[in-house]
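Listed below are the residues making up each chain.
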Amino acid sequence: MTEQSDHSDANAAWAAKMARRKAVQDAEVASKTIEKGLLMVHTGPGKGKTTAAMGLALRMLGRERPVAVVQFIKGAWSTGERFAFQRFDDLLTWHSMGEGFTWETQDRARDIAACRRAWDEALAQMARPDLSMLILDELCIALRYDYLSADEVVAALQARRADLHVVVTGRNAPPALLEAADLITEMQATRHPFKAGVKAQEGIEF
Ligand code: ATP
Ligand code: MG
């Protein structure tokens, strides 16, 4: 056998294998027929929960569909994404709780009141008939400290419009929220530069 025909035999075998794989994949894709608004949870100790949510917002904005972001806990900070999204102010609504971290404020009653206001805003956004995606950034933290009732929050999320996508971020997502979620991504902290003494840097952390 010549080297040439060896080569074309290998090519033919490869093409047949890929054709079989494509048939399997096409059948698999064709079997997925449901379309629905997803409840997505980004949790875990690693970096990327909020940035992945912002990536989804960008993807939806690219489809020219309205997105709302409500930030819990954080808000005293200015973040790069908030400035970037100002360029989409016709499609994007941004609401920050407007108070610092709880360990900065050390005022539980004030934190709870601020979380309530943010949650009321979230409910108002969920009631919008035109909204495609709602991002509830760091909502898990508010649930963790019992600033909001997990049962109440999950019930409201489950009662939302059927085609509304919701993204919830924050460490320690409570079991009731995980149970209700369609998608759960757990960020794993394999390595973080903070441990090596690198401070939070503009354009990376904020
Ligand atoms: P990001 O906003 O960068 O996507 P995140 O939403 O996953 O981060 P948060 O728990 O909201 O993480 O924490 C926000 C800040 O804490 C960010 O500045 C982030 O870089 C930092 N951070 C996240 N994970 C770790 C970690 N494992 N160790 C130290 N700092 C971290
Ligand atoms: Mg975050």
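Higher on the page you've got the structure.
Residues numbered from 1 in each chain as written. Chains lettered and ligands numbered in written order. Predicted model: local features only at pLDDT ≥ 70, side-chain atom pairs only at ≥ 80, totals over all residues. Heavy atoms only, no water.

With respect to the packing of aromatic side chains
So, step 1. Enumeration according to the criterion identifies 3 aromatic pairs in this entry.
So, step 2. Both rings, one in phenylalanine 85 and one in phenylalanine 88, keep their centres 6.3 Å apart while their planes meet at 65°; by these two values the pair is edge-to-face.
So, step 3. Aromatic pair phenylalanine 85 and tryptophan 94: ring centres 6.1 Å apart, planes at 40°, arrangement tilted. The same class applies to phenylalanine 85 and to tryptophan 94, which are both buried.
So, step 4. Taken together through their ring pairs, the aromatic side chains of Phe85, Phe88 and Trp94 make up a single cluster. (Phe/Tyr/Trp six-rings, centres within 6.5 Å; stacked < 30°, edge-to-face > 60°. Buried < 20%, exposed > 50% of the residue type's maximum accessible area, 1.4 Å probe, protein only.)

Concerning the sheet that holds strand β2 (residues 67-71)
So, step 1. Strand order in the open sheet formed by 6 strands is β3-β2-β4-β5-β1-β6, with parallel pairing between adjacent strands. Each edge of the open sheet carries a strand with a single partner, namely β3 (92-96) and β6 (183-186). When strand polarity is set aside, the average angle formed by the axes of neighbouring strands in this sheet is 10°.
So, step 2. Pairing between strand β4 (residues 133-137) and strand β5 (residues 165-169): 4 bridges, direction parallel. Residue pairing across strands places leucine 136 opposite valine 168, the latter belonging to β5. (Pairing = 2+ DSSP bridges. Helix = DSSP H or I, 4+ residues; strand = E, 2+ residues; numbered from the N terminus. Axes fitted to C-alpha atoms, helices over the stretch in contact; angles between N-to-C directions.)

Quick look at the packing of helix α5 (residues 108-126) against helix α7 (residues 150-158)
So, step 1. The geometry of α5 relative to α7 is characterised by a closest axis approach of 11 Å and an angle of 15° between their N-to-C directions. Between α5 and α7, the angle falls in the class roughly parallel. As α5 runs across α7, the sense of the crossing is left-handed. Packed against α5, whose contacting residues are Arg116, Trp119, Leu123 and Met126, the element α7 presents Glu152, Val153, Ala156 and Leu157 at the interface.
So, step 2. Residue classes in the contact of α5 with α7 are distributed as 6 nonpolar, no polar and 2 charged. (Parallel < 35°, antiparallel > 145°, perpendicular 65-115°, else oblique. Left-handed = near helix turned anticlockwise from the far one by under 90°. Contact = heavy atoms within 4.5 Å. Nonpolar A, V, L, I, M, F, W, Y, C, P; charged D, E, K, R; others polar.)

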